[in-house]
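# Structural overview for review
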Amino acid sequence: MARFAAATALASSLVYVLASAGTAFAQTPPAPQQPAAPQERMVVDARELVYDNDKKTVSAVGDVQILYKGRTIEADKVTYDQAGKRVIATGNARITEANGTVITGDRFNLTDDFRDGFIDSLRVVNPDKTRFSAPRAERTDGETFIFEKGIYTACEPCKDNPERPPLWQVRSARIIHKKAEQTIYYEEARLEFAGVPLAYVPYMSGPDSTVKRKSGFLAPKFINTNSLGFGVGLPYFINLAPNYDLTVTPTYLSRQGLLGQVEWRHRLVNGSYTIRASGIFQQDKDAFLDAPLGAGDDDFRGSVQTNGKFFINPRWSFGWNASMSTDRWFYKNYRIINESISATTYLQEAISTAYLNGQSSTAWFDMRGYYFQPLTSTDWQKQQPVVLPVIDYNKRIHKPSFLGGELSFTANVAYLNRDAAAFQQLPQQNTYLINGVNSAGQAYSLYDGCAVYQKSTCLIRGLAGNMARATAEASWRRNFIDPLGQMWTPYASVRADIFSVNPDTTGYPNSKVTTIADASDDVFGRAMPAVGLMYRYPFVARTSWGTHIIEPVAQIVARPNETHTLRVANEDAQSLVFDANNLFEWSGKFSGYDRLEGGSRANVGALYTGRFGKEGFANLLLGQSYHLGGRNSFASPDLVNTGLDSGLDTDASDLVARAQFSPFQGLFFTGATRLNQSSFEAQRIDAAATYSTSVLSASVGYGRYEPQPSLGIPRRREGLSLNGSLLVTPNWRVRAGVLFDLDKYKYDREVRANQYAAWLASPSTITLPKYVDTGLFQTASTSFGLNYTDECTIFDISYSQSYADRQSGATKDTRTVMFRLELRTLGELSYQQNLDGATTSDGVTSSR
């Protein structure tokens, strides 16, 4: 008998029936009960109820919705069987769990508490958008799902054709999801791409989407090089506690044996730290060059790396980033990732440091130490300084009551030592400290030396022994604007330095220092007061197409002469680039504390700033510096000739300019140059253009730097880079880049001239190589890449080629192919293949 009843009465009846779980159908009213908690009450909504007293069933029919214990059941019809204590939902059946998981099927056959049961034509959508489907599934114990002939994927179904297979899916004879273990088990699994099986795994398991940390195997790693052979690494992650873990990665290399790697991570209340260690007993040492060109003499090779950071309080922290290895080639030979490796130096080195840092809104303190480990054959460990400590402090006082403006205090302390002096030959390097032949008969020339050790032909890049310096400076400046709108900025400062120089001149090559510089022990000081004034007068003009500001700028600074130029071991101010960025620098144009600008100097320029519409802008600065009196510090060379060939070593400096222009958002042009003050020839050019949108990004970069023979740079350096990326489809992107060495043809001609001269001197014993006329656009490096990204997959493949280069010591092109595939929730697979082996600069025999 079917009856249509009022919603309130029928819903209440069904709630009572289902919630009583078997006792609801007693003919006598039950004893009064305490009201159920809100989360345990059942809410039912349906169009009608159907009572069948013969079968002892009650059915809710029509747009049924049941809410119970955080779950929601929706179906066309829901029937409760009192005898079997089962709830059967049919027709567009759907369960929404409390965590957001959505389960749909053609027919649900559940226990009366909705925990267990069978589901036909199951489809499960989890909150993280992962999906399960199966013709039939069973849930037991309220937490274990068993999917017969199940399918798992993290990909969204196709909107136009939902029945089409997703990009990838795992199809298994059985998929078992145990929520208590947070683990999914796959039996007889096949990995399919676009419905095509590509891989078969008899059994595998993995964490479900709720897991953040769980012990188990990670994605394997693959490697293949000539010196190592083919290798497979299988990382195993051990979740020891919520805040610390251990990862062990054994990697078998077909040519070298077992490489062991271990990583420990520990997070504490106020910080975290990591320790990594790697090691191997080499089976085939002949794959590597013998010392001093490689580690072919070593049985065991390995490394230890660690980094960490801890907060003492919100303002103070300390940390470290350090690494050590048995040899300088280990990281590159065995593809060990090292966060301490400097990416900014042309010849790579591992930089270890420990620091203490504190800062507030007006003050900053930093104390740290450095240890440098060279990673190529061309650098000598004994020439690398150990720096401990370096202390920096800065304090700014805004608008002091007695002066106004800004008062600043700066302090710096540095101490370093090295075992061997470092030299550089002028005008170009062709003499080396060590020459020989290793046990394999390979000749080598290592570590820069000089043919004649005198000031005009030899630079001292670093003194052996101990060097210390302490610097303190106080400065003040204040802006005044007069009624005409002119801005006046007076400036005053006083600085004091104390040096302690204790050179080591014993042994070779340290004894050569005595012929170039005063190598006696000494403690000395210098003081440098300075006063200055800057003048600026902005003129503003508004037109129909923008706002324009033209601003003449003039600055004059008076200082006494710099002293002790040749006694100071210039360690931190060897790099000097004069450009528009440091034209008006109050503290001087040297890059570090060891050198100090002296004499009186005027800096003048003009600045233009324009705004066009909502997005366009332009900026242009043109200026020049003039030496007015006293000794020109930039014409007074130190032990490394810093200041010479800089454009500042004449009374009237070179002209410097900087320009930036963006007509609209996404397109940006920038350029900077230094022009000879008499001939206006470009001494330095930096130019770039970038364009970026969501579909296309492109950049062009150009650099040209004229020779600086006084600094040991005998020829021009010139290069052009082109890079681009294009979104071909919403998921596919291609990218490419190329770097041209535009002056290498000159180097090739020099090499050819030397070969020809050697052949003329001994034509019977030397064979003259065939001449190849190299063009202007010689490629230094190229790269190509293809990337696919969607909600469940990242695929990336790239090819890069670095060509043999005269400066890095590489004698052979390096070509690398990299592949990466990431399937969301399943893991990541990556592979790197070096083509044509490695170069001798890597410590690897090029013939093997």
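Residues numbered from 1 in each chain as written. Predicted model: local features only at pLDDT ≥ 70, side-chain atom pairs only at ≥ 80, totals over all residues. Heavy atoms only, no water.

### Examining the overall build of the protein chain
Helix and strand content of the protein chain: three helices and 49 strands. Relative to a compact globule of 848 residues, whose C-alpha radius of gyration would be 29 Å, the protein chain shows 37 Å and is clearly more extended. C-alpha extents for the protein chain along the principal axes are approximately 115 × 85 × 50 Å. Relative to its 848 residues, the protein chain shows a buried fraction of 41%. Taking as baseline every contact in the protein chain between residues at least 6 positions apart, the subset at least 24 positions apart corresponds to 52%. Roughly 42,900 Å² of accessible area belongs to the protein chain as shown, and the carbon and sulfur atoms make up 58% of that amount. Separation of charge centres in the protein chain, based on 85 positive and 84 negative side chains, amounts to 3 Å. (Helix = DSSP H or I, 4+ residues; strand = E, 2+ residues; numbered from the N terminus. Rg over C-alpha atoms; globule rule 2.2 N^0.38 Å. Buried < 20%, exposed > 50% of the residue type's maximum accessible area, 1.4 Å probe, protein only. Contact = heavy atoms within 4.5 Å. Areas by Shrake-Rupley, 256 points an atom, 1.4 Å probe, with all protein chains shown as cover. Lys, Arg positive; Asp, Glu negative; His and termini not counted. Charge placed at Lys NZ, Arg CZ, Asp CG, Glu CD.)

### Some remarks on the pattern of salt bridges
Evaluation of the coordinates by the stated rule reveals 37 salt bridges. Note that R536 is salt-bridged to E551, the shortest N-O span being 2.7 Å. One end of the pair, R536, is in strand 35 (residues 522-536); the other, E551, is in strand 37 (residues 546-558), and 15 residues separate them in sequence. Notably, a salt bridge pairs R704 with E706, separated by 3.1 Å at the nearest N-O pair. Note on E706: relative accessible area 18%, which makes it buried. The network of salt bridges with shared partners includes R495, D497, R526, E562, R595 and D638. (Salt bridge = Lys/Arg side-chain N within 4 Å of Asp/Glu carboxyl O.)

### Side note on helix 3 (residues 744-761)
Between its terminal C-alpha atoms helix 3 stretches 26 Å, which fits the 26 Å expected from 18 residues at 1.5 Å a residue. K744, Y745, D748 and R752 are the residues of helix 3 that are buried. Seen from one end, helix 3 has its buried residues packed into an arc of 95°, which puts them on one side. Across helix 3 from its buried face, at more than 90 degrees, point the exposed residues N754 and A761. (Expected span 1.5 Å × (residues − 1). Arc of directions from axis to C-beta.)

### Observations concerning a nonpolar patch on the surface
A cluster of nonpolar side chains, namely F480, W488, L533, I556, V604, Y626 and L628, defines an oily patch on the protein surface of about 570 Å² accessible area. Topologically, I556 is positioned in strand 37. Residue I556 is classed as partly exposed on the basis of its relative accessible area of 41%. (Patch = residues over 30% accessible without salt bridge, like charges linked within 9 Å, V, L, I, M, F, W, Y side chains within 5 Å.)

### Some thoughts on the nonpolar core
The nonpolar side chains of a soluble globular protein tend to be buried, and buried together. F147 and W168 are the most contacted members of the largest nonpolar core, which totals 41 residues. Sorting elements by how many residues they give to this core places strand 4 (residues 57-68) first, with five residues. Counting 32 residues, the second-largest nonpolar core is a separate cluster that includes W380, C450, L463 and A569. (Core = buried A, V, L, I, M, F, W, Y, C linked by side-chain atoms within 4.5 Å.)

### What to know about the side chain of D796
Relative to the assigned elements, D796 resides in strand 47 (residues 793-802). Among the polar contacts made by the side chain of D796, one reaches the side chain of R735 at a distance of 2.9 Å. Looking at D796, its side chain comes within polar contact range of the side chain of N787, at 3.0 Å. Apart from residues lying up to four places away in sequence, D796 is in contact with R735, L786, N787, M818, F819 and R820. (Polar contact = N/O pair within 3.5 Å; in protein donor to acceptor, adjacent residues only side chain to side chain.)

### Description of the pairing of strand 12 (residues 168-178)
As judged from the five bridges shared by strand 10 (residues 144-148) and strand 12, these two strands associate in the antiparallel manner. Looking across to strand 12, one finds that T144 is bridged to K178. The sheet contact formed by strand 11 (residues 151-153) and strand 12 spans two bridges and is antiparallel. Residue I151 lies in a different strand from strand 12, and its bridge partner there is R171. Alignment of strand 12 against strand 13 (residues 183-193), held across 10 bridges, turns out to be antiparallel. By the bridge assignment, V170 is partnered in strand 13 with L191. Between strand 12 and strand 13, which pair antiparallel in sequence order, lie four residues; one of them, Q182, sits at a positive phi of approximately 55°. (Pairing = 2+ DSSP bridges.)

### Focus: the side chain of T410
Locating T410 in the fold gives a position in strand 27 (residues 406-418). In this structure the side chain of T410 is engaged in a polar contact, spanning 3.1 Å, whose partner is the side chain of N394. Other than its neighbours up to four places away in sequence, T410 contacts Y393, N394, T471, A472, E473 and Y593.

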